[in-house]
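Breakdown of the fold
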Amino acid sequence: MTRVSSQQLLKSINQQKVLHLIFNEGPITRVELAQRTGLTQQTVTNVVKRLMQESLVSEGGTVPGRGGGKPIPLMVNSSRLYAIGIEVAVKYVRGTLVNFHNEVIGESRVDNEINKHEEQTLDYVRQVVRELLGILPDHERLYGIGCSVQGLVDAKQGVVIRSPGLAWRNFPLREKLQHEFGFPLFIENDVNLMATIENQQGLLSGAVNSLIFKMDYGIGGAIIFGNQLYPGASHVAGEFGHFKTFTGEDALPCHCGGRGCLTTLASISGLKGNKKLSLNEFNRKVRDCDAEACELYALISKGIGLALCNLVAFLNPDHILLAGKLIETLGDLLIPELQRELKESVPESCRNVRLLHVQQEVNEAKLAAGLVMKHFFEVPVDSLAL
Ligand SMILES: [Zn+2]
């Protein structure tokens, strides 16, 4: 690891403080920046000069009604800074090129084949990144690639620990792509990413302690504790899919080596693998009141309810957010039942929990591009421990 001299470090912390504030609150004047950061006017002037030389920041014209000589507000050149976001799902790889205003400049998508080997999905990711790079004329202005991955991810190390659907096990995704493309690369588990963004600026912005579950091809979960993502001792907290839910003859073997896990029935892969049903077929049959499908639906709904009630009694969250294709498809039936179950079954002391759900598909590639922006504007507080 490179040691940074304390003077350089201070310079970079000051620079990030100023840049962060201009991005979040611009247009903002140098005087306001000095007041808000506690830095001297001279330091702010020097930092802004550097940022303008790098074309990251520009003067945003005068405020109407003001004459010459008045302070000129500053803005980040968001429309000329770019990020790529990639969603690595089991069935497809999708990429989005956005500017820092979050405007989509270009998109690309490749369907991911089943029975893949580890390099195959990586090839699809490469293909999508190359296509997006082809759209962008000035690669100097691209500040990184963010990847959202369905599977267990060690975001710090940039390694996919395990993704059964992608055939990735201890797969050094960041190293492989960063080496090839030369841009900073950030990876995060899809549910952790959604939890973080929803907590910052979405459905969970009023929440403090929440649980997030995505029921999709597989099932993933995330825990937000005190507005921070709780990673667990080895970055795998939130394995909601392997909650032991089904018993007796309904306890089917799971790919984790256990039996009766929630994912064996309450996920797209579970329905397909164990009941030979696609999600659409299952949905149609349930709505047509097919007896067998309704029985299976009741089992799944009861299973999810049981798992949620146990979690609420144990962790006392203020919010639960459900997402994923299973919820998008069956949410109108499931959510009222789960709400009733929570009201009736959890201890009275935790009944104020609010159950929310994502109704429309989220553009996870765009969320992944947000990882690049998050890191770009981050004040390097960690470095203070050097
Ligand atoms: Zn399992």
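Residues numbered from 1 in each chain as written. Predicted model: local features only at pLDDT ≥ 70, side-chain atom pairs only at ≥ 80, totals over all residues. Heavy atoms only, no water.

**Re helix H9 (residues 291–315)**
Along its 25 residues, H9 runs 36 Å from first to last C-alpha, staying within 8% of the 36 Å computed at 1.5 Å per residue. Note on H9: the residue one or two positions beyond its end, Asn316, has a positive phi of about 50°. (Helix = DSSP H or I, 4+ residues; strand = E, 2+ residues; numbered from the N terminus. Expected span 1.5 Å × (residues − 1).)

**Considering the environment of Leu185**
If you trace the backbone, Leu185 turns up in strand E10 (residues 185–189). You can call Leu185 buried: its relative accessible area is 2%. If near-sequence neighbours (up to four positions away) are discounted, Leu185 is found in contact with Ile145, Leu173, Arg174, Leu177 and Gln178. (Buried < 20%, exposed > 50% of the residue type's maximum accessible area, 1.4 Å probe, protein only. Contact = heavy atoms within 4.5 Å.)

**Re unusual backbone geometry**
At the junction of Gly26 and Pro27, the peptide bond is cis and its omega measures out at 0° in the coordinates. Here Pro27 shows up in the loop between helix H1 (6–25) and helix H2 (30–37). The phi angle at Asn102 is positive, at roughly 70°, despite the residue not being glycine. Residue position: Asn102 is located in the loop between strand E4 (92–99) and strand E5 (104–111).

**Topic: the domain arrangement of the chain**
On domain assignment, one finds that the chain holds domain 1 (6–76), domain 2 (80–193 + 364–376) and domain 3 (204–357). One C-alpha centre belongs to domain 1, the other to domain 3, and the line joining them spans 47 Å. (Domains from an automatic or database assignment.)

**Points about the sheet that holds strand E3 (residues 82–88)**
The strand order E5-E4-E3-E6-E10 describes an open sheet built from five strands, whose pairing is mixed. Either end of the sheet is taken by a strand with one partner, and the two such strands are E5 and E10. The mean angle between the axes of side-by-side strands here comes to 15°, regardless of whether they run parallel or antiparallel. Where helix H5 (residues 173–181) meets the sheet, its contacts fall on strand E6 (142–149) and E10, and the angle it forms with E10 comes to roughly 155°. Strands in contact with helix H6 (residues 190–201) are E6 and E10; relative to E10, the strand with the most contacts, it is inclined by about 95°. (Pairing = 2+ DSSP bridges. Axes fitted to C-alpha atoms, helices over the stretch in contact; angles between N-to-C directions.)

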